[in-house]
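Here is how the chains run, residue by residue.
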Amino acid sequence: MSRCAIFPPGRKAPEVKKNLQDMLDDIEREVQYTRSLIGKDALDARVMEAMRKVPRDEFVPPNMKSAAFENGPLPIGHGQTISQPYIVALMIDMVAPEPEHRILEIGTGSGYQTAILSQLCSKVYSVEIVAELSIAAADLFKRLGYQNIEMRIGNGYHGWLEHAPYDGIIVTAAATHIPEALVEQLKPGGRMAIPVGLPYSYQELMLVRKDEQGKTVTESVLGVAFVPLVDKESVSQQ
Ligand code: SAH
């Protein structure tokens, strides 16, 4: 049987709906493509197991369900997106969460990355600037039974001092520079993953490592494109 099909102009090719296993395979394939940049052939098995456990289709809007297991970002309203699964997995792998760790996430968004983190560490603190997104994610966590997540509505540029220091920090929106407050709130030995660069352009995904003496080393891992880290207390509610 021929594997090729030619569709007349104006006719759409039949859509192949991807499932969870396709998504995991696509992540593994993309890790392979980018191995010279990210310095590894495979992500941590615990991270991949958490990616298998958390149902991405619950975190996308109803009209996006058919694309829930595509390895790409999707709109979630308010001009924001649920991140690409490969990037979610890579960023979590970069901060290397351990079961006893407490992790800070800036940019809850859909809550998908938050839920995956919650499988891998003892507590996730997640800050989101758009109130509606934070409330919707909190409802979802309750419904799906994720209990080790504490959330705050506000500007995560300043971190979350009350619970600092953190073993790891993940920033899921692009900053023009690495916010000093976040570096300060990282434990010695801690790791932070953050996209840094121009808004609405390409950024570099950076890994910030703080050594036991408190000295930080920053390296660029990969080119990425994230929505901007908003630098004010309120954003327009679309
Ligand atoms: N990991 C999330 C990504 C969401 S997109 C997911 O997969 O769903 C980035 C999120 O960061 C958006 O929800 C946006 O509203 C939020 N954000 C942007 N600037 C912020 C800021 N200064 N503080 C907290 N959240 C912010």
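Above this text sits the structure in question.
Worth saying up front: this structure is predicted, and the values here are computed from it rather than measured.

Student: Break down unusual backbone geometry for me, with residues and values.
Tutor: The omega torsion of the bond from A164 to P165 falls at 5 degrees, within 30 degrees of zero and hence cis. Here P165 shows up in the loop between β5 (149-153) and β6 (166-171). For H78, which is not glycine, the phi dihedral falls at a positive 60 degrees. Along the chain, the position of H78 falls in the loop between β1 (74-77) and β2 (80-82). In this model, A96 sits at a positive phi of 50 degrees, which is unusual for a non-glycine residue. Secondary-structure assignment places A96 in the loop between α4 (85-95) and β3 (102-106).

Student: Explain the site of the ligand to me, and be specific about the residues and the numbers.
Tutor: Around the ligand, the surrounding shell holds 24 residues, and the nearest of these are S110, E128, N155, G156 and V230. E128 is positioned with one of its side-chain polar atoms (N or O) 2.6 Å from an oxygen atom of the ligand. Its free accessible area being 570 Å², the ligand has 100% of it covered by the protein chains. Of all the elements in the fold, those that place two or more residues in the shell around the ligand are β2 and β4 (123-128). Of the residues belonging to the shell around the ligand, the class tally is eleven nonpolar, twelve polar and one charged.

Student: With reference to specific residues and values, describe the sheet that holds strand β7 (residues 186-197).
Tutor: Strand order in this open sheet of seven strands is β5-β4-β3-β6-β7-β8-β9, and the pairing throughout is mixed. Across the chains shown, the open sheet's two edge strands, defined by having one partner strand only, are β5 and β9 (216-224). On average, adjacent strands in this sheet sit at an angle of 15 degrees to one another, irrespective of strand direction. Note that β4 and β5 share five bridges and pair parallel. From the neighbouring strand, Y125 faces β5, where its bridge partner is E150. Sheet strands touched by α4: β6, β7, β8 (203-210) and β9. Its angle to β7, the strand with the most contacts, is close to 150 degrees. Against the sheet, helix α6 (residues 131-144) engages β4 and β5, with an angle of about 160 degrees to β5.

Student: Give me the pattern of salt bridges: which residues, what numbers.
Tutor: Throughout the structure, instances matching the rule amount to nine salt bridges. For the salt bridge of E49 with R52, the shortest nitrogen-to-oxygen distance reads 4.0 Å. With E49 and R52 both in helix α3 (residues 45-53), this residue pair falls three residues apart, about one helical turn. In this structure, the salt-bridge partner of R209 is E219, at a minimum N-O distance of 2.3 Å. One end of the pair, R209, is in strand β8; the other, E219, is in strand β9, and ten residues separate them in sequence. Relative accessible area serves as the criterion here: at 33%, E219 is assigned to the partly exposed category. Look at the salt bridges and you will find they share partners, linking K18, D26 and R29 into a network.

The rules we used
- Residues numbered from 1 in each chain as written.
- Predicted model: local features only at pLDDT ≥ 70, side-chain atom pairs only at ≥ 80, totals over all residues.
- Heavy atoms only, no water.
- Helix = DSSP H or I, 4+ residues; strand = E, 2+ residues; numbered from the N terminus.
- Near = heavy atom within 4 Å.
- Polar contact = N/O pair within 3.5 Å; in protein donor to acceptor, adjacent residues only side chain to side chain.
- Areas by Shrake-Rupley, 256 points an atom, 1.4 Å probe, with all protein chains shown as cover.
- Nonpolar A, V, L, I, M, F, W, Y, C, P; charged D, E, K, R; others polar.
- Pairing = 2+ DSSP bridges.
- Axes fitted to C-alpha atoms, helices over the stretch in contact; angles between N-to-C directions.
- Contact = heavy atoms within 4.5 Å.
- Salt bridge = Lys/Arg side-chain N within 4 Å of Asp/Glu carboxyl O.
- Buried < 20%, exposed > 50% of the residue type's maximum accessible area, 1.4 Å probe, protein only.

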